[in-house]
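Take a look at the letters that make up each chain.
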Amino acid sequence: MNSHSLELLHLDEHLVAVNKPAGLAVHRSRLVGADDDYLMDRLRLQVEGRLHAVHRLDRATSGVLLVARSTEMAAELGRQLMARTVEKTYLAVVRGWPAEQGSIDYPLSGSSLRGEAKSALTHWRRLATVEVPIAQGRYPQQRYALLEVSPETGRYRQIRRHFHHVSHHLLGDTSHGRGDHNRLIRQHYGVHRLLLHARRLAVVHPATGQSLKLQAPLDDAWLRLLQAFAWMEMLDADAGEPTVMA
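Residues numbered from 1 in each chain as written. Predicted model: local features only at pLDDT ≥ 70, side-chain atom pairs only at ≥ 80, totals over all residues. Heavy atoms only, no water.

Digging into the overall build of the protein
(1) Moving on: Within the protein, the regular secondary structure consists of 5 helices and 10 strands.
(2) Moving on: Residues classed as buried in the protein amount to 47% of the 246 residues present.
(3) Moving on: Partitioning the intrachain contacts of the protein with sequence separation of at least 6 by distance along the chain shows that 65% fall at a separation of at least 24.
(4) Moving on: Counting only carbon and sulfur atoms, one obtains 48% of the accessible surface of the protein, whose full area is about 12,400 Å². (Helix = DSSP H or I, 4+ residues; strand = E, 2+ residues; numbered from the N terminus. Buried < 20%, exposed > 50% of the residue type's maximum accessible area, 1.4 Å probe, protein only. Contact = heavy atoms within 4.5 Å. Areas by Shrake-Rupley, 256 points an atom, 1.4 Å probe, with all protein chains shown as cover.)

What follows is the structure in structure tokens.
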């Protein structure tokens, strides 16, 4: 696999699932501007035939992305997404220690960040916490938490904006986060990315009717931080290996 090849998590005649790298836009749009490298262009070099992205991940977010290989499959997956029957589970690192579990029910506007706000609901479960002995501002140490996050709706940058709303900003978020904490993880841990990863996705396969459960492994930056914070053992027992079906 060359440096531009995508990691395929699933491949059959109907669907493709890839592990989207952080920093790579899915396709051309007014939201991401002009670029010379897009996930869908890379994927077309690896997989023949028509390809339709059925959902999005922000450029800064990594993880499971599902792509249909026909308009019929795309339409059926779109129906599942609209019905909110697709299960999406993310990993995120936030500043502070949120409660062990909770929900954020806070309406969000669209990609313009203006206009009508629509209902948006995000659930979380706290997996681990850490207190690092690095002074910053008024505090001699900093508190961070590893969360499992399940968005029930799919608004623009929902997870990032929701945790900004409750002042548990995601680390590495240059749009809605805290610059001082972003600098801390860059300088002390060499992490230069948003710590948000679409870890798992479960969907009913449109052609077979079978449950398809996909899992995307973490990149080096994530693993480096998990190691530094002694969080490796806190992940679920099955979090170390992806579900690969090809």
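A short note on the pairing of strand 1 (residues 7-11)
(1) Moving on: Direction of pairing for strand 1 relative to strand 2 (residues 15-20): antiparallel, over a ladder of 4 bridges. In the strand pairing of strand 2, Leu8 is matched with Val18. (Pairing = 2+ DSSP bridges.)

Looking at helix 1 (residues 39-46)
(1) Moving on: All of the buried residues in helix 1 are Leu39, Met40, Arg42 and Leu43. Buried residues along helix 1 cover an arc of 155° about the axis, so they all sit on one side.
(2) Moving on: Summarising the contacts, the buried residues of helix 1 are in contact with strand 1, strand 2, strand 3 (52-53) and strand 4 (62-68). (Arc of directions from axis to C-beta.)

Observations concerning the pattern of salt bridges
(1) Moving on: Taken as a whole and judged by the stated rule, the model has 10 salt bridges.
(2) Moving on: Taking the shortest distance from any N to any O, the salt bridge between Asp41 and Arg44 comes out at 3.5 Å. One end of the pair is Asp41 and the other is Arg44, both in helix 1 and 3 residues apart, which spans about a single turn.
(3) Moving on: Residue class for Asp41 comes out partly exposed when judged on its relative accessible area of 28%.
(4) Moving on: The residue Arg125 makes a salt bridge to Glu148 at a minimum N-O spacing of 3.2 Å. With a gap of 23 residues between them, Arg125 in strand 7 (residues 121-132) and Glu148 in strand 8 (residues 142-151) connect regions that are remote in the sequence.
(5) Moving on: According to the relative accessible area criterion, Arg125 is partly exposed, its value standing at 34%. (Salt bridge = Lys/Arg side-chain N within 4 Å of Asp/Glu carboxyl O.)

Examining the environment of Leu15
(1) Moving on: With respect to the helices and strands, Leu15 occurs in strand 2.
(2) Moving on: A residue is classified by how much of its surface remains accessible, and Leu15, at 0% relative accessible area, is buried.
(3) Moving on: C-alpha of Leu15 to C-alpha of Leu66: the two residues are 51 residues apart in sequence and 7.3 Å apart in space.
(4) Moving on: If we ignore the near neighbours within four places in the chain, the residues touching Leu15 are His10, Val67, Ala68, Arg69, Met73, Leu77, His205, Pro206 and Leu212.

Examining the packing of aromatic side chains
(1) Moving on: Inspection of every chain in the model, using the stated rule, returns 4 aromatic pairs.
(2) Moving on: Summarising the aromatic geometry, the rings of Trp124 and Phe163 are spaced 5.9 Å apart at their centres and angled 65° between planes, so their arrangement reads as edge-to-face. Here Trp124, found in strand 7, pairs with Phe163, found in helix 3 (residues 158-165); they are 39 residues apart in sequence, far enough to count as distant. Of the two residues examined, Trp124 and Phe163, each falls in the buried class.
(3) Moving on: Between Phe229 and Trp231, the ring centres sit 5.0 Å apart and the planes meet at 75°, which makes this aromatic pair edge-to-face. The pair formed by Phe229 and Trp231 is uniform in burial state, with each residue classed as buried.
(4) Moving on: Here the aromatic residues Tyr144, Tyr189, Phe229 and Trp231 are joined through ring pairs into a cluster of three or more.
(5) Moving on: Its guanidinium or amino end placed over the ring of Trp97, Arg143 lies 3.8 Å from that ring's centre, counting from NZ or CZ. (Phe/Tyr/Trp six-rings, centres within 6.5 Å; stacked < 30°, edge-to-face > 60°. Lys NZ or Arg CZ within 6 Å of the ring centre and 35° of its normal.)

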